[in-house]
Structure formats: structure tokens, C-alpha cells
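Overview (structure and organization)
One-letter residues, chain by chain:
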Amino acid sequence: MTLRIFIPRDAGALAVGADEVTEALVNVAASRGIAIDTVRTGSRGLYWLEPMLEVATAQGRVAFGPVTEDDVGSVLDAMLADAAHPLRLGLTEEIPWLKRQTRLSFGRCGVIDPSSLDDYRAHDGYKGLARALTLTPDAIIADVTTSGLRGRGGAGFPTGIKWKTVAATDADRKFIVCNADEGDSGTFADRMLFEGDPFVVIEGMTIAGIAVGATKGYIYIRSEYPHAIAATNIAIAAAQRAGFLGANICGTAHSFDLEVRVGAGAYVCGEETALLESIEGRRGIVRAKPPLPAHKGLFGKPTVINNVLSFAAIPFILAGGAQAYADCGMGRSRGTMPIQLAGNIKHGGLFEVAFGITLGELVDEVGGGTLSGRPVRAVQVGGPLGAYFPRELFDTPFDYEAFAKRDGLIGHGGIVVFDDSVDMSKQARFAMEFCAVESCGKCTPCRIGSTRGVETIDRIRKGERVAENTAVLEDLCHTLKFGSLCALGGFTSYPVMSALKHFPEDFGAAPPRLQAAE
Ligand SMILES: Cc1cc2nc3c(=O)[nH]c(=O)nc-3n(C[C@H](O)[C@H](O)[C@H](O)COP(=O)(O)O)c2cc1C
Ligand code: SF4
């Protein structure tokens with residue numbers, strides 16, 4: 001009998017020793033004469049259990065984790081004998097954390113070998129494209145519209161409308177661009193998907209190309225993601241070899257090809273127009289809108305630019321799931337959101353669930369509270385430009401409009417948790433400093449205002465004329481919010497103002513414990 005053992009090659013699992021565990025496993029099995037077949041997968045997203053190994057059994061896969069090199073011998077024994085083990089987690093699909101999810105985009109992540117097109121196809125891969133090839137472009141876009149999908153990069157713009165605009169714009173060439181810059185703090189869903197199921201993004205982009213009449217696409221990935229870049233290039237080559245990319249896709253008249261472009265590491269390059277500048281070989285500076293990229297985007301041509309997660313939702317929708325997708329969620333937030341739990345949290349990871357789950361459920365039940373065991377004091381949702389929410393707002397449902405109503409945003413779905421040792425004036429300062437460091441410099445409120453903001457917060461933290469300086473800070477935030485060209489400057493007011501509003505006690509003289517520490 002050969003044991004088939006699945007081990008993640010996801011960067012998060014590698015960081016805690018997945019390669020070393022694999023090597024130890026292979027060595028122990030060889031020395032004991034046990035036949036094993038190891039398959040490297042992505043991660044299931046339960047990061048506190050990584051490296052999480054799974055063994056195929058007649059009942060399904062059984063998981064063990066977190067496994068260290070020292071555990072390998074006994075884990076192998078338990079796998080062979082189907083016996084109890086302290087690290088045995090039971091049938092993977094029955095782990096409550098996984099069972100509570102609705103994995104429409106991440107269904108294959110952690111399950112398949114991301115380099116194997118056959119594995120992808122054996123798990124319903126390319127069914128969306130197969131159906132799309134039988135439809136007119138208008139019918140494809142109608143499906144995307146029916147699904148209610150909104151862009152997962154942050155702004156939540158309806159994907160169907162974006163595609164329709166590009167399809168309706170006449171041009172000799174059009175482009176599809178996938179935004180995988182993923183600069184938001186506490187987010188890693190894009191990376192996970194490329195490392196665990198890159199074909200789903202490739203398939204989504206191919207369908208977009210057919211829908212709008214584009215024959216070329218670019219995937220813009222940040223340089224900090226070397227494993228994702230490698231996995232994506234392997235998948236693109238496999239899709240090209242099999243006729244899923246290139247000229248005459250699957251023997252049809254449609255052609256579409258893809259190329260990876262690697263960003264050099266600037267937060268603003270995630271902003272869609274700065275990203276286009278970067279692909280074109282220039283410094284990442286924001287372009288004034290209009291014209292919208294949908295009308296005049298990459299190389300001046302109509303361009304669909306969507307986040308990784310937006311494209312990843314497309315194959316399910318086109319495989320006949322448009323209504324099923326729309327049936328999930330609440331209000332105008334339809335479908336599922338791959339939520340990323342990070343920071344000081346016990347059970348951090350990727351949790352894909354229908355919109356509507358509350359912040360409190362996510363932090364307390366799913367996340368299990370803080371890793372430090374101290375009370376949760378604040379959570380920042382939506383990346384470095386997202387608001388800080390106190391526990392009093394934990395009844396907020398995960399929904400674009402519900403968060404906006406409370407001066408927050410869900411952004412790319414990242415939640416960063418802080419315990420009661422956090423100093424919120426320091427966090428506000430960090431937000432302003434981040435804006436100052438990452439500003440592209442094109443407009444004055446952001447370029448100059450953020451630096452003045454840091455100075456003003458420093459004065460408040462030192463206890464200098466606190467009331468007057470707080471008024472100056474509020475005024476600055478107002479100017480940033482309404483006078484900035486893009487959301488980097490515009491949204492910096494969210495973390496700063498939310499910290500000021502919900503945690504005013506941290507904006508007097510610096511708390512004694514911090515004075516002692518600094
Ligand atoms: C400063 C800044 C950084 C951004 N970073 C990202 C990013 O890393 N990934 C992303 O998909 N969108 C990012 N966006 C949003 C994009 O400009 C754009 O709205 C998005 O790529 C559109 O795709 P979607 O409709 O699928 O969300 C950023 C926006 C701003 C203002
Ligand atoms: S708000 Fe900041 S990042 Fe955005 S265009 Fe202006 S200077 Fe550039």
C-alpha cells in the first residue's frame with residue numbers, strides 16, 4: 001500500500017517548516033520501507049495548524065497538524081494504522097473551521113496540486129470556460145451581472161458594469177489586467193490563490209478576455225511573492241501547452257494569452273492607474289480620471305482591471321453558478337468574501353464566507369480572540385486605509401454598505417486584531433506616516449498633508465496644546481479626504497479619524513506605560 005500524503009507548499013506553510021517536514025517524512029518513510037507519495041498543495045488556510053499534513057483514506061483526507069520534523073515518525077505510524085494521535089484533526093472536511101465556510105473561490109485551494117492542469121480539471125476546472133465558449137459575449141457579461149459580483153480589490157465596483165463598458169468601447173486592441181499587488185496589511189488571499197489554485201485566476205481572466213474582446217492579459221504580482229510568481233508562471237505554461245491559452249483557445253476562434261509582470265514594491269502601484277503606468281515601464285504615479293481605464297487604460301486601450309479574487313469568482317459563476325452566487329450574501333454585497341484574519345489572533349487564516357457574518361463572529365468565534373489571550377481592543381478592517389473598530393461596533397455585518405455607514409470599509413477583506421496593549425494614537429501616527437512614505441507625490445494634500453499630519457500627531461502625543469492640535473488634525477483629515485486625487489490620500493482619514501473618535505483617551509499625553517517603554 002502506498003500512502004498518499006498532501007503537504008502545503010504555500011509560503012505561510014513554508015515559513016513554519018513545510019519543506020523540512022516533507023524532507024523528514026520522505027527520509028523516515030524510506031528508512032522504514034514505507035511507500036509514500038507526497039503531493040505538494042496550497043494551504044487550506046488554517047495557518048495556526050501549519051504545516052498541516054493530510055493523508056488520503058477511504059473515508060476522505062485525514063489531517064494532522066501542526067507537524068514538526070520530530071513528529072514525522074509517529075504521525076506516519078498513525079497514518080498507517082489509522083490510529084489516534086495528539087496531532088490528528090480528523091477528516092479535513094469535518095474540521096469545524098473549514099465546515100463553516102462557503103468555499104466558492106477557494107474550493108480547490110489546499111486540495112489540488114497547483115502545478116497540475118489535470119488535477120484542476122479533475123476538480124471542475126475549466127467548466128466555466130467551456131460554458132463561456134458556448135455563449136455570446138453579452139450573455140457572459142449578463143451572467144457576471146446576475147451574480148452581483150463586485151470588485152474584491154477594495155472599491156466594490158460592480159464587475160458586470162466594468163466588463164460591459166470595456167466590451168462597448170471600440171478599439172483595435174483591449175487588455176485584461178489582474179491586480180495582484182496585494183499591498184493591504186493583513187491580506188494574503190491573492191497570494192494563497194496563486195500558490196494553491198492559479199488556474200482559477202487564469203480561467204477567470206480568459207473568460208473576461210472573451211467577454212470584452214481582449215486577446216492579451218497581464219498579471220501584475222508584487223515582487224515580495226516569489227512563490228506565487230513561480231506557481232503562476234508554471235500554470236500559464238501548462239495552460240498554453242494544453243491549448244487553454246494562446247491562439248484558438250480549445251480549437252475556437254478566440255485567442256487569449258497571458259504574461260506575468262512583477263511590481264517593484266510600492267503600495268500605490270496597487271492603485272489601478274499607477275499599476276498601468278508601472279506595467280508600461282514608468283514610475284507608479286496615479287493618473288487623473290477620467291479617462292477611466294475601461295475607456296483608455298493600458299497603452300491607451302480599453303482595459304478591464306480586476307483584483308485576483310474578482311477573477312477567481314468568475315469560473316464558478318460561468319459554470320452555471322450565477323444565481324447560486326447571487327443567492328449568498330446580504331443587501332448589495334452578493335456572493336462570498338475570502339476574509340483574512342491576521343494580527344494578534346488565535347486562529348488566523350483564510351475564511352471564505354457569505355457576506356453578512358458579523359465582525360464579532362469573525363473575531364471572537366472564528367478567530368478565537370487574541371493570541372496573547374488579552375481582551376480585543378480594536379480591529380482594523382480593510383488594510384492600512386481602513387478604519388479601526390472598537391468592540392462596540394462588532395455587530396457590524398460584513399457588507400460594503402454596513403461598513404460605509406459606520407465610516408469604515410471592508411477593502412480586500414483583511415482584519416487585523418489588536419489587544420488592549422495597543423496605543424491607538426501610535427496607530428494613527430502609523431497611518432499618517434504610511435501615507436507620507438507611500439504617497440506618489442502627485443497631489444498636495446497627500447504629499448504635504450500627510451507629513452504635517454505626522455508632526456501634528458506627534459505634538460498631540462507629547463501633550464502639546466492637545467485640543468488645538470486635535471482640531472488641526474481633524475481639519476487635515478478633512479482636506480485629505482476631499483482634496484486627494486486617489487484613495488491613498490483620501491482614505492488615510494479613516495484610520496486616523498476612527499482612532500480619534502473611538503479611542504480619544506489615547507490622544508492625551510502618551511499613556512504612562514508607553515512613556516516607560518520609549
Ligand atoms: C493606494 C491604493 C492601493 C490599491 N491596492 C490594490 C491592490 O493591491 N489590489 C487590488 O486589487 N486593488 C487595489 N486597489 C484598488 C484598485 O485601484 C482597483 O480599484 C481594483 O484593482 C479594481 O479591481 P476590482 O474591481 O476587481 O476590485 C488600490 C487602490 C488604491 C487607491
Ligand atoms: S492621493 Fe497621494 S498617492 Fe494618490 S495621487 Fe495624490 S499624492 Fe498620489
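Going by the structure above, here's the rest.
On a predicted model such as this, the values are computed, not experimentally measured, just so you know. Residue indices begin from 1 for each chain and proceed along its sequence in written order. Here the convention is simple: chains get letters from A, ligands get numbers from 1, in the order in which they are written. Given that this is a predicted model, residues contribute local features only at a pLDDT of at least 70 and side-chain atom pairs are listed and counted only at 80 or more, while totals for whole chains, interfaces and linings are drawn from all residues. For the side-chain quantities, the full set of heavy atoms in the structure was used; hydrogens and water were omitted.

Okay, the sheet that holds strand 14 (residues 376–381) next. Whether two strands pair depends on DSSP finding at least two bridges between them. Think of it this way: any DSSP run of H or I at least four residues long counts as a helix, any run of E at least two long counts as a strand, and we number them from the N terminus. Strand order in the open sheet formed by five strands is 13-12-16-14-15, and the pairing between neighbours is mixed. Where the open sheet ends on each side, the last strands, each with one partner, are strand 13 (349–354) and strand 15 (388–390). In this sheet, neighbouring strand axes are inclined to one another by 30 degrees on average, regardless of whether the strands run parallel or antiparallel. As paired strands, strand 14 and strand 15 are joined by three bridges and run antiparallel to one another. Bridging across to strand 15, Gln-380 finds its partner in Tyr-388. Note on contacts: a residue pair is in contact if any heavy atoms of the two residues lie within 4.5 Å. Only C-alpha atoms enter the line fits that serve as axes; for helices the fit covers just the stretch in contact. Angles between N-to-C directions range over 0 to 180 degrees. Here helix 21 (residues 493–502) sits on the sheet in contact with strand 14 and strand 15, set at roughly 25 degrees to strand 15.

Of the grid points, spaced at 1 Å and generated over the protein atoms alone, those admitting a 1.4 Å probe that cannot get out make up cavities, while open sets with protein on both sides within 12 Å along at least five of seven lines make up pockets; any residue with an atom within 4 Å of a point is treated as lining. Grid points are joined across faces, edges and corners, and a volume is the space filled by probe spheres set on the points. This model, assessed by the stated rule, comprises three cavities of 30 Å³ or more. The wall of the largest cavity is formed by 13 residues, among which Val-286, Cys-440, Cys-443, Cys-446 and Cys-486 lie closest to the centre. The nonpolar class holds Ala, Val, Leu, Ile, Met, Phe, Trp, Tyr, Cys and Pro. Asp, Glu, Lys and Arg form the charged class, and all remaining residues, Gly among them, are polar. Class assignment of the residues belonging to the lining of the largest cavity gives a composition of eight nonpolar, four polar and one charged. One number sums up the size of the second largest cavity: a volume of about 40 Å³. As for the second largest cavity, its lining consists of Phe-6, Ile-7, Pro-8, Thr-41, Gly-42, Ser-43, Arg-44, Glu-50, Met-52, Glu-54 and Gly-110. Considering each element in turn, the lining of the second largest cavity owes the most residues, three residues, to strand 1 (residues 3–8). Taken together, the residues of the lining of the second largest cavity sort by class into four nonpolar, four polar and three charged.

Around ligand 1, the surrounding shell holds 19 residues, and the nearest of these are Gly-153, Glu-272, Asn-306, Asn-307 and Ser-310. In this structure, Gly-270 approaches ligand 1 through a main-chain N or O atom, which is 3.2 Å from a nitrogen atom. N or O atoms within 3.5 Å of each other form a polar contact, as long as, within protein, one can give a hydrogen and the other can take it, and as long as residues adjacent in sequence are counted only when both atoms are side-chain atoms. Ser-310 is positioned such that a nitrogen or oxygen atom in its side chain is 2.6 Å from an oxygen atom of ligand 1. For ligand 1, whose unbound accessible area comes to 610 Å², protein coverage reaches 91%. Assessed atom by atom at 2 Å from the grid points, ligand 1 resides in the largest pocket. Consider each residue's heavy atoms; a residue with any of them within 4 Å of a molecule or strand counts as near. Under the convention used here, a 1.4 Å probe and the Shrake-Rupley method define accessible areas, while residue burial counts only the protein chains that appear. If over half the atoms of a molecule are within 2 Å of the grid points of a cavity or pocket, the molecule is regarded as sitting in it.

On the surface, a cluster of negative charge is made up of Glu-20, Glu-23, Glu-69 and Asp-70. With respect to the helices and strands, the residue Glu-23 is situated in helix 2 (residues 18–32). Within this analysis, patches are made of residues with over 30% relative accessible area and no salt bridge. Like charges are joined at 9 Å or less; nonpolar side chains (Val, Leu, Ile, Met, Phe, Trp, Tyr) at 5 Å or less. Between Lys or Arg on one side and Asp or Glu on the other, a salt bridge is scored when a side-chain nitrogen of the former is within 4 Å of a carboxyl oxygen of the latter. Charge assignment in this entry is limited to Lys and Arg as positive and Asp and Glu as negative, and neither His nor the chain termini are counted. Think of each charge as sitting on NZ of Lys, CZ of Arg, CG of Asp or CD of Glu.

Given 3.6 residues per turn, any residue in an α-helix points the same way as the ones three and four places further on. Here the expected length of a helix is defined as 1.5 Å per residue gap, with one fewer gap than residues. Its 15 residues place the ends of helix 10 (residues 198–212) 22 Å apart at the C-alpha level, agreeing with the 21 Å of an ideal helix rising 1.5 Å per residue. The buried count for helix 10 comes to 15 of 15 residues, which makes it a mostly enclosed element. Backbone geometry just downstream of helix 10 places Gly-213 in the positive-phi region, at approximately 85 degrees. Using a 1.4 Å probe on the protein chains alone, a residue whose accessible area is under 20% of its type maximum counts as buried, one over 50% counts as exposed, and one in between counts as partly exposed.

What follows deals with the packing of helix 7 (residues 137–147) against helix 10. Contact geometry of helix 7 with helix 10 gives a least axis separation of 7 Å together with a crossing angle of 125 degrees. Considered as vectors, helix 7 and helix 10 are oriented oblique to each other. Handedness of the crossing formed by helix 7 with helix 10: left-handed. From helix 7, Pro-137, Ile-140 and Ile-141 reach across to helix 10, where they touch Ile-207, Ile-210 and Ala-211. Across the contact of helix 7 with helix 10, the residue classes tally to six nonpolar, no polar and no charged. Geometric relationships in this document are graded by angle, where less than 35 degrees denotes roughly parallel, more than 145 denotes roughly antiparallel, 65 to 115 denotes roughly perpendicular, and other angles denote oblique. In this scheme the crossing of two helices becomes right-handed for a clockwise turn of the near helix relative to the far one and left-handed for an anticlockwise turn of less than a right angle.

The next thing to look at is the nonpolar core. Remark: nonpolar core denotes a set of buried residues (Ala, Val, Leu, Ile, Met, Phe, Trp, Tyr, Cys) joined through side-chain atoms within 4.5 Å. Of all hydrophobic cores here, the largest spans 64 residues; its most connected members are Trp-163, Ile-176, Phe-194, Val-201, Met-205, Ile-219 and Phe-311. Excluding its chain neighbours within four sequence positions, the residues that come into contact with Ile-219 are Cys-178, Phe-194, Met-205, Thr-232, Ile-236, Leu-258, Glu-259, Val-260 and Arg-261. Judged by nonpolar contacts, the second largest core, of 34 residues, contains Leu-362, Ala-387, Phe-398 and Leu-409.

The next subject is the site of ligand 2. Neighbouring ligand 2 are 13 residues; Cys-440, Lys-442, Cys-443, Cys-446 and Cys-486 lie closest to it. A molecule is said to occupy a pocket when more than half its atoms come within 2 Å of that pocket's grid points, and by this definition ligand 2 occupies the largest cavity. For the shell around ligand 2, a count of residues per class yields eight nonpolar, four polar and one charged.

This next bit is on the sheet that holds strand 5 (residues 88–91). Reading across the sheet, the five strands line up as 2-1-3-4-5 and stay open at both edges, with mixed pairing between neighbours. Bordering the open sheet on either side are strand 2 (36–41) and strand 5, each of which pairs with just one other strand. Within the sheet, the average angular offset between the axes of one strand and its neighbour, ignoring direction, is 25 degrees. Taken together, the six bridges between strand 1 and strand 2 define a ladder with parallel strand orientation. Bridge pairing in strand 2 links Pro-8 to Thr-41. In this fold helix 2 packs onto strand 1, strand 2 and strand 3 (53–57), with an angle of close to 170 degrees to the strand it touches most, strand 2.

Further remarks concern the environment of His-85. Looking at the secondary structure, you find His-85 in the loop between helix 3 (72–81) and strand 5. Judged by relative accessible area, which is 15%, His-85 ranks as buried. Taking the C-alpha atoms as reference points, His-85 and Ala-29, 56 residues apart in sequence, are found 18 Å from one another. Each residue touching His-85, except ones within four places of it in the same chain, is listed here: Phe-64, Ser-74, Val-75 and Ala-78. Within the structure, the side chain of His-85 is placed 2.9 Å from the backbone nitrogen of Leu-87, a separation counted as a polar contact.

So, about the packing of aromatic side chains. Two aromatic rings are characterised by how far apart their centres lie and by the angle between their planes. To pair, rings of Phe, Tyr and Trp, with the six-membered ring standing in for Trp, must have centres within 6.5 Å; the planes then decide the type, stacked if under 30 degrees apart, edge-to-face if over 60, and tilted in the middle. A full pass over the atoms with the stated rule returns 16 aromatic pairs. Look at Tyr-120 and Tyr-126: their rings are 5.5 Å apart centre to centre, the planes differ by 90 degrees, and that puts the pair in the edge-to-face class. Accessibility classification places Tyr-120 together with Tyr-126 in one group, the buried group. Between Phe-355 and Tyr-400 the ring centres are 5.5 Å apart and the planes differ by 40 degrees, which places this aromatic pair in the tilted class. With Phe-355 in the loop between strand 13 and helix 14 (359–366) and Tyr-400 in helix 15 (residues 400–405), this pair connects stretches of sequence that are 45 residues apart. In this pair, the class of Phe-355 matches that of Tyr-400, namely buried. Members of the aromatic cluster, joined through ring pairs, are Tyr-120, Tyr-126, Phe-199 and Phe-244. The rule for a charge over a ring is simple: NZ of Lys or CZ of Arg within 6 Å of the ring centre, and within 35 degrees of the ring normal. Sitting over the ring of Tyr-225, Arg-222 keeps its end group 5.6 Å from the ring centre.

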